[in-house]
Each structure stands twice: as structure tokens, then as C-alpha cells.
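A closer look at the structure
The primary structure of each chain is shown beneath.
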Amino acid sequence: MLALLLLYIVVPLVQVALLVQGRSALSPLLVVNYAASVLALHWILANIFVTAKIPWFQKALPYDRRVRFHAMASMGVLLALVFHAGFKILAGKHIDAISWILLAAILLLFAGAMLWRKKTGKGYDRSKQLHKALLLLVVLLVFLHVAQAEYLEKIPASSLLIFLAYYLVALFAYVATLFGAFRKSAEVVSIQVRQDILEVELRLKRPLRCQAGQFVYLRAPGVRGREEHPFSILSVLGDSTLRLAIRMLGDFTRSLAKLPIGAQVSVHGGYGAFNPGSENALCFVASGIGMVPVLGVLQDLAKKADQRQMFLFLAIKDESEVPASVDLAALQRALPGLNVVLLRKADGLRFSAKLFAEKMGEVAKFRYYLCSSPGVRKQVLHALHSLHVPKQAIFYEEFSLH
Amino acid sequence: MVTQIVKTFGLLAFLAVASMAASNNVYVVYNGNTGTNSDALEFIQSRFDEANTGWKAVGVPVGKPVDFANAKAVVVLNSGVPRGVDRKLAEFVNADPAKSKTVMVSLWSGNADVKVQSVSPSAATLGLDGITAASVWKGKGLGAMFGGKVSSEYAMHQEWSRRLIEWIRKAK
């Protein structure tokens, strides 16, 4: 949070102050215009850096929060730009060609991002690629625009250094992720399919800093070009072996199932902060493929012979939905404090306050970890809130903007 | 006795330094916090710096007192009008006790003509030397960033500010 505060508020406001200091004949509207332009400029660059998939920053800035913050910050950019452009146009100022093209590119970027949210499958991936391409154009045009506006000549040397730092870091983040600086090569060691769940074991050529509960982005040459998708880690064996469990829903995931043993893929990560700390008692709630990070975390806790009281509420169609390599009974033996409650579709059980209260008794002493679809999560949160479980006791990662 | 001498020399030295510093101030009198006035003030200072004059452009909103005694020069920045002199600035000029070190720079609004003119004292300039140009601003232009010529509008601003610097150098 401190990093975001510095990047988005403190430093840009200092930049505004450095721009307007010593200037005369400034009306309040003029100052707001300068502020809008400087803030928009720095926020665009900060956004690129914050949303770049750089595993180094996972601990300081968990990825899911970064992505959602990016959406909010982008709205801020849009508002600032609308003000800045509107002010200039209404004041009758000359707007050069670069500025018009930049404005059009940014509006396209936003329009694309809004449409992107609603897409799935190939449309989603194409929108993502278009967003990245437009972003590069915007970054280049931004530099030309500020140079033409003589912004770089009007500010003191310290301010120039700050701007250049933002620019270079954003450019580095963009280029590094574009060229896969953080990707690690891996070899497919085994493929297992049960029902629609695919388990892939990968041997990494170099260690990847990750743990169960997190996710990685996987790209497989020959599988839908340069697309990469996030998948949860089921288990990490030593430094070099990773097991992913994937629900085969679309072309990409179904094509993964056809990868031969020995196929070369690349991964980067681990992202996500889905990992319990030293809480006294834990309650995991998962549904469908959301069970993967939860089972991964439980397997990890089992290796450490964790003795804490734990609950696992798992909503599944039936036991065949559980990844083949996971033995729930063995997990319960390894974790003596673990109680497993299966909500099978056929049983008609649903997440409810009554269910939690009946099974757990003292609901207040647990820390809750949720991993499910937004709809199920809503149900669980409603149930927990009605049991007066405080918000701080519930953890989940939210990637959707809905 | 010694103390008196030291004090006197100290005062003289202070006055000398103070007057040197003060005489580098070029007061720019303007009416209104507008983008044109703000940009013009900044531009004037940047041109002073480019020409290594050591002068400081001090913006003074019309109505505030101007330290004529310690001014290197006084510039009346006549903007926001398509012709003539802004009314409030005209009042200032008419009360101006130091016309010999005052010059009027008129940046006509709504005018795309990039011609710069130097004007002798007349009724139109309220008895001041004048420099006229347009207020239109288009920046240096993309070409100039890659070694090409600056835009004609920017060249106009360079020219009127060059003439201003020349005038100030000659002013007593």
C-alpha cells in the first residue's frame, strides 16, 4: 500500500508542485489542469509498471490486488485526461496532431478494456493483445506529447529525473514481460486426465519461486500461439517440479491435454497470496476448480505436520472432480485437526450460515480462506457475515472486476 | 570610531549588493491569471536564461505596486485583447512614473498573424515603446524535435522576446 501511495499520490503531487512553483498568473483552473495532466502522465506509467507480470513484487503487491487497482487507477487516468483535453479545447488552445492521436489511442485503449471485460475465449485473448499493442503506442506518443509541450524543459532537474525514472521503469516492465524475461522453461513430465480435470506435471529447468496456493502463467508453443493463461499450483516438489490442476473448459486447456511428454513449455510466477499464516484455526471453503489452491495448501500443511484445527468445506459434483493425485483420506490422516465436509451436488447441500454453525460450532475463532466462483463466494460471504464473522477474518483473491 | 567605520562600510556594501540584485528584476505587469499570461511570463524568463542576461522576470498582477526604483525594466503584458490596450493596464500605464524604462508587449488574441512589429511611442501605445505579436501558441513543432525548423508561431514568440531583450538592454 505504501508503494502505491508513493507511486500514485505522493510523487505525482510533488511533480505538480515542482511544475507550478515560481509561476505567476496561475488561476485555480490552470493549476487543476496542470495537476490533471501531470497526474494522468504519471498514472499511465505507474499502471504499466504495476500490472506488469513481475514475480519479484508479488510479496509487496499481490497480483490480484494490483489488477483491480489498475482498473480503478485507469478510471482516474480517464477522468484526468478528459479534464485536461476538455480544458485545452474549451480554452481555444491549439491541439497538435500528436495530441489528437494520443487522445484517440487512449480512448481506444479504454473502450477496448471495457469490451474486453465481457469477452471470453478467443475474443478475450485478442482483446488482451490489442490492449498491449495500443499501450505501446500510447507510451511512445506520451513521450512525444510531453516533449512537444516542452514539459521536460519547464521542470527542474529533479522533476525531470523523477519523470524519466517513471518512464524507464514502465518501459522496462513492458519490454521485460513482452520478451518473457521472467519466464522459465519447463518440460512436461506427465499428463493425467480425469473427467474434465487435467493434471500436468512440469520439470523446470531453473527453480521458480512459488508455492502451493499460488498460480503461474503457462504458455505452450504450438498451443494457440503466444497465449498464456493462469493456472493454480496443486503442488511444488522441491525446486524444480510443479504440478498444476486445470479444468478443461476451452480450446487452450483441451489442447494442453494433448501435449506429448517432453514437450517444452514456459511458466512464470508464482503469483497470488493465498497462503495461511500462523492463525490459530483455519477454515477453507472451495468449490469446483477453486479447490486446487486449497488442496495445494493443505498438502503443504500436511508435509509440515500441522496440528491446528482446520475445516475444509468442498462443493463438488462428486469425488471424481477431485484431482486424481490428491487423496482426501490421506490428507485427513496427515492433518489430525482437519475436518472435511463434502457438499456433493447430489446431496443438495448448500453453503449457509446453518451449515457452518452446525459443523464448526465456534465460527469466530477461524480464519477463512475462500476459493470459488464469484457466485459461490457471494453465498459464503453472506453466510459468514450473518454469523458475524468479521471481514478481516475472511481472505480471498478477487480477479474479476464484476 | 572603528565601529562606526565598519558599520558604514557594511551598509554601503549591503546597498551595493542589494541594488545590483534588485536591478536585475524585470517586472512584468499583467491583468488576469490566464494561460496566456502564465505561459508568456514563463517564456520570457526562459528567454532571459537562454540569453544569459541574469535577469529575473517578476510577475506583478495589475493593481499591485511595482518597485520602479529597483526595476531593470517594466514590461506591460497586454494580452486578452484583439487590439488596443486592456483597460486596467491602460490605467496603470497612465499612472506610470517611469515610462522611460517601461515597454508594452501586446500579444493580440484571436489573431493568427505571426508578424512581429516594433512600435514607436504613440497614442496607441499610451506613450510607450511597443512590441506586438499574436498570442497563438503551437509549440516548437514535431520537426524541431528532430533538428528541423521550429513552427512559425514559435519563431514569432522567439522574435518578440528577442526584441524585448534588446530593448531592455538599451533601457536606462
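Residues numbered from 1 in each chain as written. Chains lettered and ligands numbered in written order. Predicted model: local features only at pLDDT ≥ 70, side-chain atom pairs only at ≥ 80, totals over all residues. Heavy atoms only, no water.

It is worth spelling out the overall build of chain A at this point. Across its full length, chain A holds 12 helices and 11 strands. Burial analysis of chain A (402 residues in total) assigns 51% to the buried set. Pairs at least 24 apart in sequence give 73% of the contacts found in chain A among residues at least 6 apart. Counting only carbon and sulfur atoms, one obtains 64% of the accessible surface of chain A, whose full area is about 18,900 Å². (Helix = DSSP H or I, 4+ residues; strand = E, 2+ residues; numbered from the N terminus. Buried < 20%, exposed > 50% of the residue type's maximum accessible area, 1.4 Å probe, protein only. Contact = heavy atoms within 4.5 Å. Areas by Shrake-Rupley, 256 points an atom, 1.4 Å probe, with all protein chains shown as cover.)

Our focus in this paragraph is the overall build of chain B. Looking only at helices and strands, one finds five helices and six strands in chain B. Buried positions account for 42% of the 172 residues belonging to chain B. Counting only contacts in chain B whose residues sit at least 6 apart along the sequence, the fraction spanning at least 24 positions is 71%. About 9,000 Å² of surface is accessible on chain B, with carbon and sulfur atoms providing 58% of the total.

Take helix 3 (residues 87–94) of chain B next. Residue and element names in this part refer to chain B. Three or more residues of helix 3 are buried, namely Leu-89, Ala-90, Phe-92 and Val-93. Here the buried residues of helix 3 occupy an arc of 160° about the axis, which is enough to place them on one side. Across from the buried face of helix 3, at angles greater than 90 degrees, the exposed residues are Arg-87 and Asn-94. Along its buried surface, helix 3 packs onto strand 1 (25–30), strand 3 (71–79) and strand 4 (102–108). Sitting at the head of helix 3, Asp-86 places a side-chain oxygen 3.1 Å from the backbone nitrogen of Lys-88. (Arc of directions from axis to C-beta. Polar contact = N/O pair within 3.5 Å; in protein donor to acceptor, adjacent residues only side chain to side chain.)

With that settled, the discussion passes to the pattern of salt bridges. Following the criterion strictly, the structure yields 23 salt bridges over all chains and no others. Residues participating in the shared-partner salt-bridge network are Glu-279, Asp-306, Arg-308 and Arg-367 of chain A. (Salt bridge = Lys/Arg side-chain N within 4 Å of Asp/Glu carboxyl O.)

A few words now on the pairing of strand 3 (residues 215–219) of chain A. A regular strand carries its side chains on alternate faces of the sheet. Residues and elements named next belong to chain A. Counting buried residues along strand 3, five of its five residues qualify, which places the element largely inside the surrounding structure. Of the two faces of strand 3, the one carrying Phe-215, Tyr-217 and Arg-219 and the one carrying Val-216 and Leu-218 are both buried. Bridge count between strand 3 and strand 4 (residues 229–237): four bridges; the pairing is antiparallel. Residue Leu-218 lies in a different strand from strand 4, and its bridge partner there is His-229. (Pairing = 2+ DSSP bridges.)

This next bit is on the nonpolar core. One broad trend across soluble globular proteins is that nonpolar side chains are buried collectively. All names here are of chain A. Within the largest apolar cluster, 56 residues are counted, with the highest numbers of intra-cluster contacts made by Tyr-8, Ile-44, Val-138, Tyr-151 and Phe-163. When contributions to this core are tallied by element, the ones reaching two or more residues are helix 1 (2–20), helix 2 (28–51), helix 3 (63–90), helix 4 (97–116), helix 5 (121–148), helix 6 (151–154) and helix 7 (157–178). Top element by residues in this core is helix 2. It accounts for 15 residues. Tyr-8 has contacts with Trp-43, Ala-46, Asn-47, Val-50, Phe-69 and Ala-73, leaving out every residue within four places of it along the chain. (Core = buried A, V, L, I, M, F, W, Y, C linked by side-chain atoms within 4.5 Å.)

This part covers the interface of chain B and chain A. In many analyses, interface size is given as the accessible surface area lost on bringing the parts together. The interface of chain B with chain A comprises 21 residues on the first partner and 16 residues on the second. Of the roughly 1,400 Å² buried between chain B and chain A, counting both surfaces, carbon and sulfur atoms make up 52%. Where chain B meets chain A, there are four salt bridges. Between Lys-140 of chain B and Glu-153 of chain A there is a salt bridge, and its shortest N-O distance comes to 3.3 Å. Secondary structure elements with two or more residues in the side of chain B that touches chain A: helix 2 (35–50) and helix 4 (142–145) of chain B. When residues in the side of chain B that touches chain A are grouped by element, the largest group, seven residues, is from helix 2 of chain B. Classifying every residue of the side of chain B that touches chain A by side-chain character gives seven nonpolar, 10 polar and four charged. (Buried area = accessible area lost by both parts, 1.4 Å probe. Nonpolar A, V, L, I, M, F, W, Y, C, P; charged D, E, K, R; others polar.)

Quick look at the sheet that holds strand 5 (residues 241–247) of chain A now. Residues and elements named next belong to chain A. Taken in spatial order, the six strands line up as 1-2-5-4-3-6 and close into a barrel, and their pairing is antiparallel. When the angles between neighbouring strand axes are averaged without regard to direction, this sheet yields 45°. Relative to strand 6 (residues 264–271), strand 1 (residues 184–194) is paired through four bridges, and the arrangement is antiparallel. Residue Lys-184 lies in a different strand from strand 6, and its bridge partner there is Val-267. Packing against the sheet, helix 9 (residues 291–303) makes contact with strand 4 and strand 5, and its axis sits at approximately 15° to strand 4. (Axes fitted to C-alpha atoms, helices over the stretch in contact; angles between N-to-C directions.)

So, on to the sheet that holds strand 5 (residues 117–119) of chain B. Residues and elements named next belong to chain B. The six strands lie next to each other as 2-1-3-4-6-5, forming an open sheet whose pairing is mixed. Both outer strands of the open sheet, strand 2 (56–61) and strand 5, are each paired with one neighbouring strand and no more. Neighbour-to-neighbour, the strand axes of the sheet open up by a mean angle of 25°, direction not taken into account. Contacting strand 1, strand 2, strand 3 and strand 4, helix 2 runs over the sheet at an angle of about 160° to strand 2. Contacts from helix 5 (residues 152–170) reach strand 1, strand 3, strand 4, strand 5 and strand 6 (129–134), with the element oriented near 170° to strand 6.

Residue and element names in this part refer to chain A. The interhelical angle for the contact between helix 1 and helix 7, taken along N-to-C directions, is 145°, at an axis separation of 10 Å. Two packed elements cross with a definite hand, and for helix 1 against helix 7 that hand is left-handed. Only Ser-158, Ser-159, Ile-162, Phe-163 and Tyr-166 of helix 7 make contact with helix 1, whose side of the interface consists of Leu-6, Leu-7, Val-11, Pro-12, Gln-15 and Leu-18. Residues that form the contact of helix 1 with helix 7 fall into these classes: eight nonpolar, three polar and no charged. (Left-handed = near helix turned anticlockwise from the far one by under 90°.)

So, on to helix 12 (residues 374–386) of chain A. All names here are of chain A. For helix 12, spanning 13 residues, the distance from its first C-alpha to its last is 18 Å, which sits close to the expected 18 Å at 1.5 Å a residue. All buried positions along helix 12 are accounted for by Arg-377, Val-380, Leu-381, Ala-383 and Leu-384. The arc that holds every buried residue of helix 12, seen down its axis, measures 160°, which confines them to one face. For helix 12, exposure combined with an orientation more than 90 degrees from the buried face picks out Lys-378 and His-382. Of the surrounding elements, those touching the buried residues of helix 12 are strand 7 (281–287), helix 11 (353–360), strand 10 (367–371) and strand 11 (394–396). Positioned one or two residues after helix 12, His-388 has a phi angle of 60°, which is positive. (Expected span 1.5 Å × (residues − 1).)

Now for the confidence of the model for chain B. Across chain B, pLDDT averages 88, with 90% of residues at or above 70. Model confidence for the complex is summarised by a pTM of 0.83, with the ipTM given as 0.80. (pLDDT = per-residue confidence, 0-100.)

Our next topic: the pairing of strand 10 of chain A. All names here are of chain A. Across the five residues of strand 10, four count as buried, placing the element largely inside the fold. Note: strand 10 against strand 11, three bridges, orientation parallel. By the bridge assignment for strand 11, Leu-370 is matched with Tyr-396. Handedness of the crossover joining strand 10 and strand 11 through helix 12 is recorded here as right-handed. (Right-handed = clockwise from strand over helix to strand, strands pointing away.)

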